[in-house]
Amino acid sequence: MENRHQQTDNCQVNLSPRKSLRFDIGSSKTIQSDETKEKCKLREYCPTLPSASELKQYSAVVICGLSLWTTSWFIFGKVVLPGGYIFNLTALVVAGYIFGHTLERYTKVNAVVGMVLVGTLSKIFIPINILGNDSANIIDYHLRRIYPVIILTKGPLTWNWDYIKHNSVKVFSLATLPWIIECLATAFFTFIFLEFPWYWGLHLGAILASVSPAIVVPTLIAFDARGLGTKSKIALLVGNAGGLDTAFTEGMFGVINSAIFYESAPEYRVVKAFLAIFVGIILGIVWGVLADVLPDHDDEYAATIRSLHIFAGGLLISYACGYFGWGGTSGVAIMVCAAAAATRWARRGWPLNNNPVSEVYKLLWRIFEAMLFTLSGSFFEISDLDAREFGLMVVCIFLALILRLLTAFLIALSNELPVKESIFIAITWIPKAIVEAVLVRVAADSLWKEGTTNHDRKIATQHSNMIIIAILITTTMGSILTTVMGPILLSPYSGVAPEELGSRPRSPSTESTPSKRSQQILDSFQYIDMQ
């Protein structure tokens, strides 16, 4: 797949930044065959056409998929045929994957939007309730235990702790203060406009306040390759602060969710709320250190065993904390474990941005991404939703978002970023996707076994609807605005010639070339959610 990212002086292929794990820039070639030149001309006129390498990759995936589907018939029987719940689930996920990545290839909209949209439209126009089947619903429920383990592990594996340490005030304030403002604002506006009780508003706010840097960071890295935002290290700031925002969300939401829904004595709830995050930190450090000690670093199976070690531990902690009502502990523990392990591995020669374990989790996320977003979209309930209620939901989302963006802008400005780049930082704080999709059904699943009213059930449905609406609106806005406004708001690096700002840098010849600099930036930071 690496050859997809190679470029020559005579044929330069621009792919979506989100599809690039790294930039491999080879030496220029002076001799090309006539066939190659014809392909180059064709790609110049229509650069979004799949390359021959991509077509081969797609063909291989299709063949593998058909082989697995045929094999599954011998194991599961009729449920894998059209009309069976396994077939319905698989068909929906495949449709979401194809539409999402097709939308991303031909527009500036992130693939996540297309995936969620497919799930939402399936709920509206397909008469079959795919998750209405008990077995399908159980599969989706347990998948939502697996998603966080993958998502929360892969981010910290590539955090740049040196950057975080030297910019701690900037990073931590950007990760926490906008979150707090939006969470409280969501609780306030849903209380005013939708008559949510305060605890329901906080519960929803703790989810919607999470930012999804994976939507914009690949675009920022592409900008950096063109010398845009390089001096202020915008990609590093957004990626690391966004990752810590996710960690903060996991801890705070888990505490809030357990305090509201886990039935126990009030004293125990208070103690648990104070201890949950600290217990998660301790568990994470212990498990992370163990992942470094065992097996030996020079073991030929070290990468495989460590990947399984972190994954198995994450699953165990996730289920155990959920069972005992210690929400928030599991998310913090998983992220601290990954961060502690990656930091210790880096001392032994595994780079933070490019260790073998992180590559495993990139592949896992590639597999599970379409499942998460497409199935999440199918939780949108339109039967009880009228135009007035939909409008009020959108108003609540936008009012809280505006306060969030204003807070992010002021934080960036107070940390001596230029006004234009401070505005751009606020724009990158728009998208909501990953945490929201994972927790889309948590309100309905967490309802009390006794004492739940019809009003609570209605709020749980509104809760899910608002999350889906927020994903569709903010991810679309965030991805488009980041792509469009980046060249306008980001300061160009003085070492880049004006004519180079409109295209990706060519092969490096000296240490000061933009492409050389962008490679160095990618070596120091490579956000894990890139695909």
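Residues numbered from 1 in each chain as written. Predicted model: local features only at pLDDT ≥ 70, side-chain atom pairs only at ≥ 80, totals over all residues. Heavy atoms only, no water.

Comments concerning the overall build of the protein chain
Assigned secondary structure in the protein chain consists of 20 helices and zero strands. Burial analysis of the protein chain (531 residues in total) assigns 52% to the buried set. Contacts in the protein chain between residues at least 24 apart in sequence constitute 80% of all its contacts with a sequence separation of at least 6. Just so you have it, the protein chain exposes about 23900 Å², and 67% of that area is on carbon and sulfur atoms. (Helix = DSSP H or I, 4+ residues; strand = E, 2+ residues; numbered from the N terminus. Buried < 20%, exposed > 50% of the residue type's maximum accessible area, 1.4 Å probe, protein only. Contact = heavy atoms within 4.5 Å. Areas by Shrake-Rupley, 256 points an atom, 1.4 Å probe, with all protein chains shown as cover.)

Notes on the layout of surface pockets
Volume-wise, the second largest pocket comes out at about 1000 Å³. Arg145, Asn257, Gly322, Val442 and Ser446 are, among the 33 residues lining the second largest pocket, the residues nearest its centre. Going through the elements one at a time, helix 5 (134-154), helix 10 (234-261), helix 12 (302-324), helix 13 (329-347) and helix 18 (442-446) are the ones with two or more residues in the lining of the second largest pocket. The biggest single contributor to the lining of the second largest pocket is helix 10, with six residues. For the lining of the second largest pocket, the per-class residue count stands at 15 nonpolar, eleven polar and seven charged. (1 Å grid on protein atoms, 1.4 Å probe; cavity = no way out; pocket = protein on both sides within 12 Å on 5 of 7 lines; lining within 4 Å. Points joined across faces, edges and corners; volume = space filled by probe spheres on them. Nonpolar A, V, L, I, M, F, W, Y, C, P; charged D, E, K, R; others polar.)

Focus on the confidence of the model for the protein chain
Overall, the prediction assigns the protein chain a mean pLDDT of 81, with 83% of residues at 70 or greater. Per-element mean pLDDT across the protein chain ranges from 42 in helix 20 (residues 514-524) up to 95 in helix 15 (residues 387-414). In this model residues 1-33 is a low-confidence stretch, pLDDT under 50, and it forms 82 contacts with partners more than four residues away in sequence or in other chains. With pLDDT under 50 throughout, residues 497-531 is counted as low confidence; its partners more than four residues away or in other chains account for 95 contacts. (pLDDT = per-residue confidence, 0-100.)

Regarding the side chain of serine 122
Along the chain, the position of serine 122 falls in helix 4 (residues 111-125). Excluding residues within four positions of it along the chain, serine 122 makes contact with Leu92 and Ser378.

Concerning the pattern of salt bridges
What the rule picks out here adds up to eleven salt bridges. Notably, a salt bridge pairs lysine 458 with glutamate 389, separated by 3.6 Å at the nearest N-O pair. Placement of the pair is lysine 458 in helix 19 (residues 454-489) and glutamate 389 in helix 15, with a sequence separation of 69 residues. Overall, glutamate 389 belongs to the buried group, its relative accessible area being 9%. (Salt bridge = Lys/Arg side-chain N within 4 Å of Asp/Glu carboxyl O.)

Examining empty space enclosed by the protein
This structure, assessed with the given rule, holds five cavities of 30 Å³ or more. What the second largest cavity holds in volume is close to 60 Å³. Lining the second largest cavity are eleven residues, and of these Asp224, Gly229, Lys233, Ile234 and Ala235 lie nearest its centre. Elements represented by at least two residues in the lining of the second largest cavity include exactly helix 9 (217-225) and helix 10. Here the lining of the second largest cavity is composed, by residue class, of eight nonpolar, one polar and two charged.

Considering the side chain of threonine 153
In this structure, threonine 153 sits in helix 5. Threonine 153 gets classed as buried once you look at its relative accessible area, which sits at 0%. The contacts of threonine 153, once residues within four sequence positions are left out, are Pro148, Ile310, Ile334, Ala338 and Tyr361.

Observations regarding the packing of aromatic side chains
One pass over the structure, following the stated rule, counts eleven aromatic pairs. Centre to centre, the rings of tryptophan 179 and phenylalanine 248 are 5.0 Å apart; their planes meet at 85 degrees, and the pair counts as edge-to-face. Of this pair, tryptophan 179 sits in helix 7 (residues 168-193) while phenylalanine 248 sits in helix 10, and the two are 69 residues apart along the sequence. Between the aromatic rings of tyrosine 323 and phenylalanine 324, the centroid separation amounts to 5.0 Å while the plane-to-plane angle is 90 degrees, which identifies the pairing as edge-to-face. (Phe/Tyr/Trp six-rings, centres within 6.5 Å; stacked < 30°, edge-to-face > 60°.)

Considerations on helix 16 (residues 419-428)
Burial runs high along helix 16: seven of the ten residues are buried. Buried within helix 16 we find Glu421, Ser422, Phe424, Ile425, Ala426, Ile427 and Thr428. The elements touched by buried residues of helix 16 are helix 7, helix 9, helix 10, helix 15 and helix 19.

Quick notes on the packing of helix 5 against helix 13
Closest axis-to-axis distance for the helix 5/helix 13 pair is 8 Å, and the angle between their directions is 40 degrees. The angle between the axes of helix 5 and helix 13 places the two elements in the oblique class. As for how helix 5 packs across helix 13, the hand of that crossing is right-handed. Facing helix 5, whose interface residues are Val149, Leu152 and Thr153, helix 13 presents Gly331, Ile334, Met335 and Ala338. Looking at the contact of helix 5 with helix 13 residue by residue, the classes come out as five nonpolar, two polar and no charged. (Axes fitted to C-alpha atoms, helices over the stretch in contact; angles between N-to-C directions. Parallel < 35°, antiparallel > 145°, perpendicular 65-115°, else oblique. Left-handed = near helix turned anticlockwise from the far one by under 90°.)

A closer look at the packing of helix 7 against helix 10
The N-to-C vectors of helix 7 and helix 10 enclose an angle of 50 degrees; their axes lie 8 Å apart at closest approach. What the angle tells us is that helix 7 and helix 10 run oblique. Regarding helix 7 and helix 10, the two cross each other, and that crossing is right-handed. Contact with helix 7, carried on its side by Lys170, Val171, Phe172, Leu174, Ala175, Thr176, Trp179 and Ile180, involves Leu237, Asn240, Ala241, Leu244, Asp245, Phe248, Thr249 and Met252 of helix 10 and no other residues of that element. Class assignment for the residues of the contact of helix 7 with helix 10 results in eleven nonpolar, three polar and two charged.

Topic: a negative patch on the surface
Among the surface-exposed residues, Asp296, Asp298, Asp299 and Glu300 lie close enough to one another that they form a single negatively charged patch. Along the polypeptide, aspartate 296 turns up in the loop between helix 11 (266-293) and helix 12. (Patch = residues over 30% accessible without salt bridge, like charges linked within 9 Å, V, L, I, M, F, W, Y side chains within 5 Å. Lys, Arg positive; Asp, Glu negative; His and termini not counted. Charge placed at Lys NZ, Arg CZ, Asp CG, Glu CD.)

A short note on helix 7
Here helix 7 spans 37 Å end to end across 26 residues, near enough to the 38 Å set by a 1.5 Å rise per residue. Approximately 25 degrees is the largest bend angle found in helix 7, and it occurs at leucine 174, with the proline proline 178 only one to four residues beyond. Phi for glutamate 195, located one or two positions after helix 7, is positive at around 60 degrees. (Expected span 1.5 Å × (residues − 1). Bend = angle between axes of the 7 residues up to and from the residue.)

Structural notes on the environment of alanine 400
Along the chain, alanine 400 turns up in helix 15. Given a relative accessible area of 0%, alanine 400 falls into the buried group. Separated by 216 residues in sequence, alanine 400 and leucine 184 have C-alpha atoms that sit 8.3 Å apart. Apart from residues no more than four positions distant in its own chain, alanine 400 is found in contact with Glu182, Ala185, Thr186 and Phe189.

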